[in-house]
Amino acid sequence: MGTPGLPGVPPGGFAVHRDAWGVPHVRAADELALARGQGYVTALDRGWQIEVDRWRAEGRLAERLGAPGIAWDRFAHRVRLADTARRAYAALADDDRAWVDAYTAGVNEGLARGRDVPELHALADPAWPGGGDLPPHEPWPAWAPLGVFLVAHVLFSGFPHVLWRDHVARTLGDAVARSRPDVRLADVLDLLAVDGGPGSGSNAWALAGARTRSGAPLLAGDPHRLLELPGVYQQVRLACDDYDVVGLAFPGVPGLPHFGHAGAAAWGVTNAMAHHVDVVAERLHRTADGGVEALGPDGPEPADVVVATVRVRATGGPVEHRVETVETVRGVVVTGGPDEPDRTFAVRLPARVDADLGVGAWRRLLRARSARDVTDAFATWVDPVDRVLAADRDTVLSVTAGRVPHRDVAGRALPLPAWSDAARARPWVVPPGPVVVEDVAVDANERPARPEIDLGHTYAPPHRARRIRALLDAAGDDGTAADQSRVHGDTLLWGAGDLLRWLDEAAGGVPSGDGEAGDEGTPGAVVGSADGLDPRSVRAARRLRAWDRRMDADNADAALFAAWRAALARRVAAHPALAPLHVPHGLDPVFAPWLSVTARVADALPALLGADWLGIDGADEAWGALSEVVRGLGDTDDHDGGDPRPTDAAPVWGDTHRVLGLHVLLDVQGATAPRVPSLPLAGDTDTVRCTASVPGISDVCVRGSVARWVWDLDDRDASRWGVPFGASGDPRSPHFADQLAAWADAETVPVVTDWTLLRHEETR
C-alpha cells in the first residue's frame, strides 16, 4: 500500500500523477505530507472555485464581485459562518488540527499557480463591470477548509423548507382556516410537503456478495446537487504509507468525506432528509442601552449582537453596508431582527452548538480497512445527516450518521416559538447501530421503513427507490461494476402516472384508486370520458397515455409531457385558491429559491390536483393545460384520432432539456462566464438518471447528478467514477469539460490505480 521505492516522491514531500482524464493521484510518505499535497493539487486544479468558497465563508464575496455578492455576504455574517469555522478549528484535537494545517499550507503553495485563471484575471481587469479595484490576495487562514465545508452545507439542511412551510401556514393555512374550518392545518401543509426547491438528493445502492458475479460486494450511487461550474466534487487519489484511497473530495476540504474506496473498504452516502436544524421563531426588541433582548421560555434574555461590515466593490472605492448579526440562546438569527417582529427566525446549527464539524471522522475514514471501520468513523459524523453504505470484501453495512435533535414529528413541521418550552434545546438522538445488508440496499431519500431512522418531516417520493430496486432485482445475481450504468442511466419516470390519470376525464372526476401507472384502464385513473373536448387535445392525451414514460432526449412524447406539466404547474400556481401563497414572504433574499410558488406547486402537483376541498378541479386544470400546449404547438399530428404517434417533426425532450453549468459569474451583469456545451439531456428530476429542471419555469437542467460512482470490492481497478464536467476548473484546460459527454450519456470513466499507467507531473 505504501510508496517506498516508487520514483518521484521527494523526502518529506509529495508527488502528483495524472490519468488520461487529468485526475490527480497524490503520493507521499506520510499523512501530513499527503494532506499538503492534496491541498496543493486542489489549489492548482480548482483555484478559482476554492477562492470563491473561501470568500463566501468570510462574507467577502461582494468585495470581489460587487453588488451580486451582497445577499450571500449578509447571510454569511448573520449565520456566523466564519466564527463557527474558527470555533470548530480551535476545538480540534491536535492531530486533526495538524492535518488541516498541512492541507491549508498546500493550498497556499498551490494558489501561487492556481490563481492564474481567466476569472481572476477578469476580476483584476480595470474594465470589470461596475468598476472598482480588486482587494489584494490574502493567504488562506487556518480555519478556511472548515469554512468551505460549511459553505457547501449550511443551506443543505431542511431548514429553508421549514421557512416555506411557515409561509404556507401563515398565508394559505390562514385562508383555509377562515373558509374551511373543518380542514386541519396539517392537511394544508401536506399539500405542499415535498421538499423541492434547490435542495439535495441522491441515490445509493449496495449489492451483497451473493448478488454479484465476483462474490464480493458492489456499492454505487450518485449525489444530486446544483450543477455548479466547476463541479462540486473532485476526483482524487490519496496514497501514503498508511493508506491508498480513491474518491470524491470537496474542493477546499481535506480527505474524502462522502465517497471513497480504500481498497479493502469503501463507502458512500445519501441525504437522510433528517430534521437536524431547529428553526425558532424569535421575538426581539431593542433595550434602552442599545442592546437586544429575546423573549425566551423563561422571559426576556440578552442576545449577542455583532455588527459586521459588508464591503461592496464599486467605482470610487468600496461601499460599506452595516449588517447587524444577532444570536439568541437558541441560535443565530438568519432573517428578520428586532425591527421585524413577525418574521424573525433563528436556527440552531449542530456544528455551532458543539463547535464540531466532524473533522475527526473525515480523517479516520481514510484509514478504514473494513466496513466496521467505516461505520465507526461515521459515529463521530456531525453534518449533514447521511445514510451511509459501507462495505469490505465480505460485508455490507448500512447506518445513519449525524447529529439530530430529539423532536417528534409535529415538532419538525414549523418553527418553534422561542417563548415556549418547545424551543428549549433537546439532546441529540442516539442513532441505532449498523445493520448488515444480506441482499440489496437502496437509499434514494425516500421515507425509511425503519421508524428508528425516520428523523425527518418530509421525504422524496418513493419512485426512484422503487425503480432502482426493480432494476437490481431484474439483474439477478450477476452484478458487475460495469453493469451499474444501466441503473445510473435509467430514464423511466415512474411517477408520471400520478399526473396522467387526470387526463382520463374532461371535468370533475376523482381518482378511482391508488395505482401509480395511470394507464388507461389501470387503477389510479380518473374515470369518465373526454366528450366535448378539442379533438387535438384528445389525440394528445392518447399519445401521453400510450407513452412509455421514458424521459429520453430524443423522445417526442416526453417533450409533450414536459410541456403539459409546465403549463399545468403555471395554471395551478395561478389558481385563485392558491393566491395567498403569492403574498410577499418577507424573508431574507437568500431564501427566495425555496419560496418560489411555481416551483413548489410543480413539486406538489399530484396532491394539489386532488384538493377538490380547496376548490381545485384536477381534471379541468389538466385538460386546460393540455389544450394550451396543443394550441401553442400547432397541429403536430399527421394522423387521425386513432393513431397517437408523433411525426418526425415533433419537438423532442432534448430540444429544451439541456445542461447549464452554474458559474458564479453568471450573476454578474456584463461579466463573461465560462460555458460548457449545451448538450441535450435525458432524464428528469425524479428519474434515477437525475437531470432536474423546474417545471413551469424552465426545462434547463441546473441540478442533477454531480458525480457517479461504482466501488467494486473485489477489484478496485474495476471501479468507475465520473463528474459532470472535468477534473480541472480552468476553462483553458483540456480537462475542464472532457467528461461532459460521458456524463450526459450517464456513463462513467475507469478508476486507474496502476502507477505505471499514470503520468508524473512536476509540482515545482
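Above this text you will find the structure in question.
A. How the structure looks around the overall build of the protein. Scanning the protein from N- to C-terminus turns up 22 helices and 27 strands. Relative to the compact-globule value of 27 Å for 764 residues, the protein shows a C-alpha radius of gyration of 26 Å, a close match. Dimensions of the protein along its principal axes, counting C-alpha atoms only, are 85 × 75 × 55 Å. Per-residue burial for the protein yields a buried fraction of 61% across its 764 residues. The contacts of the protein with a sequence gap of at least 6 include a subset with a gap of at least 24, amounting to 70%. As presented, the protein carries roughly 27000 Å² of accessible surface, and 52% of it is formed by carbon and sulfur atoms.

B. Up close: the sheet that holds strand β12 (residues 299–302). Read from one edge of the open sheet, three strands run β10-β11-β12, paired in antiparallel fashion. With one partner strand each, in any of the chains shown, β10 (284–286) and β12 form the two edges of the open sheet. With strand direction ignored, the average angle separating the axes of adjacent strands in the sheet is 35 degrees. In the sheet, β10 pairs with strand β11 (residues 292–296) via three bridges, with the strands oriented antiparallel. Directly across from arginine 286, in β11, lies its bridge partner valine 292.

C. View of the environment of serine 370. Looking at the element boundaries, serine 370 is found in the loop between α11 (359–365) and α12 (371–378). Sequence spacing of serine 370 and tryptophan 267 is 103 residues, and the spatial spacing of their C-alpha atoms is 10.0 Å. Beyond its immediate sequence surroundings of up to four residues, serine 370 is in contact with Ala265 and Asp392.

D. Main features of the pattern of salt bridges. Counted under the stated rule, the structure contains 59 salt bridges. The shortest N-O distance in the salt bridge between glutamate 109 and arginine 36 comes to 2.5 Å. Placement of the pair is glutamate 109 in helix α5 (residues 94–114) and arginine 36 in helix α1 (residues 31–58), with a sequence separation of 73 residues. On the accessibility criterion, glutamate 109 (30% relative accessible area) is partly exposed. Connected through salt bridges with shared partners, the residues Glu51, Arg54, Glu58, Arg60, Glu63, Arg64, Arg115 and Glu138 form a single ionic network.

E. View of the nonpolar core. Membership of the largest hydrophobic core comes to 176 residues, with the highest contact counts inside it found for Phe561, Trp564 and Phe591. No other element matches the 11 residues that helix α17 (residues 556–573) contributes to this core. When sequence neighbours within four positions are dropped, the list of residues in contact with phenylalanine 561 reads Leu493, Ala496, Leu499, Leu500, Leu544, Trp547 and Met551. In this structure, Val440, Val442, Leu472 and Val487 belong to the second largest nonpolar core, which totals 15 residues.

F. Expanded view of the side chain of histidine 275. Along the chain, the position of histidine 275 falls in the loop between β8 (265–271) and β9 (278–281). Overall, histidine 275 belongs to the buried group, its relative accessible area being 9%. Among the polar contacts listed, one links the side chain of histidine 275 to the side chain of aspartate 278, at a separation of 3.4 Å. Ignoring sequence-local partners within four residues, the contact set of histidine 275 consists of Val162, Val404, Pro405, Gly411, Arg412, Leu455 and Gly456.

G. Quick peek at unusual backbone geometry. With an omega of 0 degrees, the peptide bond running from leucine 229 to proline 230 counts as cis. Secondary-structure assignment places proline 230 in the loop between β4 (218–226) and β5 (234–239). The omega torsion of the bond from aspartate 383 to proline 384 falls at 0 degrees, within 30 degrees of zero and hence cis. Within the secondary structure, proline 384 sits in the loop between α12 and β17 (386–392). With a phi close to 60 degrees, arginine 80 is a non-glycine residue in the positive phi region. Checked against the element boundaries, arginine 80 lands in the loop between α3 (70–78) and α4 (81–90). You will see that alanine 746, though not glycine, has its phi angle at about 60 degrees, which is positive.

H. Just the sheet that holds strand β7 (residues 259–261), in detail. Read across the open sheet, the 10 strands follow the order β20-β18-β17-β8-β7-β6-β5-β2-β1-β27; overall the sheet is mixed. Two strands bound the open sheet, and with one partner strand each, they are β20 (435–436) and β27 (759–761). Pairing geometry for β8 and β17, over seven bridges, is antiparallel. What sits directly across from glycine 268, in β17, is leucine 389. Across the sheet, α1 is in contact with β1 (14–18), β2 (24–28), β5, β6 (244–249) and β27; its angle to β2 comes to roughly 155 degrees. Helix-sheet contacts for α12 involve β8, β17 and β18 (396–401), and the interaxial angle to β17 is about 155 degrees.

I. Quick peek at the packing of helix α16 (residues 535–546) against helix α20 (residues 618–633). Orientation of α16 relative to α20, taken along the N-to-C sense of each, is 105 degrees, at an axis distance of 9 Å. In terms of orientation, α16 lies roughly perpendicular with respect to α20. Touching Arg536, Ser537, Val538, Ala540, Ala541 and Leu544 of α16 are Trp623, Leu626, Ser627, Val630 and Arg631, all from α20. Class assignment of the residues belonging to the contact of α16 with α20 gives a composition of seven nonpolar, two polar and two charged.

Conventions adopted
- Positions within a chain are numbered from 1, following the residues in the order the chain's sequence is written.
- Where totals are concerned, whole chains, interfaces and linings use all residues; where local detail is concerned, this predicted model gives features only for residues with pLDDT of at least 70, and gives and counts side-chain atom pairs only at 80 or more.
- Note that the side-chain values use all heavy atoms of the structure and ignore hydrogens as well as water.
- Where helices and strands are cited, they refer to DSSP runs of H or I of at least four residues and of E of at least two residues respectively, numbered from the N terminus.
- The globule rule used for comparison is 2.2 Å times the number of residues to the exponent 0.38, while the radius of gyration itself is calculated over C-alpha atoms.
- Each residue is placed in one exposure class: buried if its accessible area under a 1.4 Å probe, protein chains only, is under 20% of its type's maximum, exposed if it is over 50%, and partly exposed if it falls in between.
- Here a residue-residue contact requires only that any non-hydrogen atoms of the pair lie within 4.5 Å.
- Shrake-Rupley sampling with a 1.4 Å probe provides the accessible areas, and residues are treated as covered by the protein chains on show and by no other component.
- Strands qualify as paired when DSSP identifies two bridges or more between them.
- Where helices are involved, their axes are fitted lines through C-alpha atoms of the stretch in contact, as for all axes, and angles between N-to-C directions lie from 0 to 180°.
- Any Lys or Arg side-chain nitrogen found within 4 Å of a carboxyl oxygen on Asp or Glu counts as a salt bridge.
- Grouping buried Ala, Val, Leu, Ile, Met, Phe, Trp, Tyr and Cys residues that are joined through side-chain atoms within 4.5 Å yields what is termed a nonpolar core.
- Two N or O atoms count as a polar contact when they lie within 3.5 Å, although within protein this holds only if one can serve as hydrogen donor and the other as acceptor, and sequence-adjacent residues are included solely when both atoms are side-chain atoms.
- Orientation labels follow simple angle bins: below 35 degrees gives roughly parallel, above 145 gives roughly antiparallel, 65 to 115 gives roughly perpendicular, and whatever is left gives oblique.
- Throughout, the ten residues Ala, Val, Leu, Ile, Met, Phe, Trp, Tyr, Cys and Pro are labelled nonpolar, Asp, Glu, Lys and Arg are labelled charged, and all others, Gly among them, are labelled polar.

Honestly, that's just the spatial picture; any functional story needs more than this.
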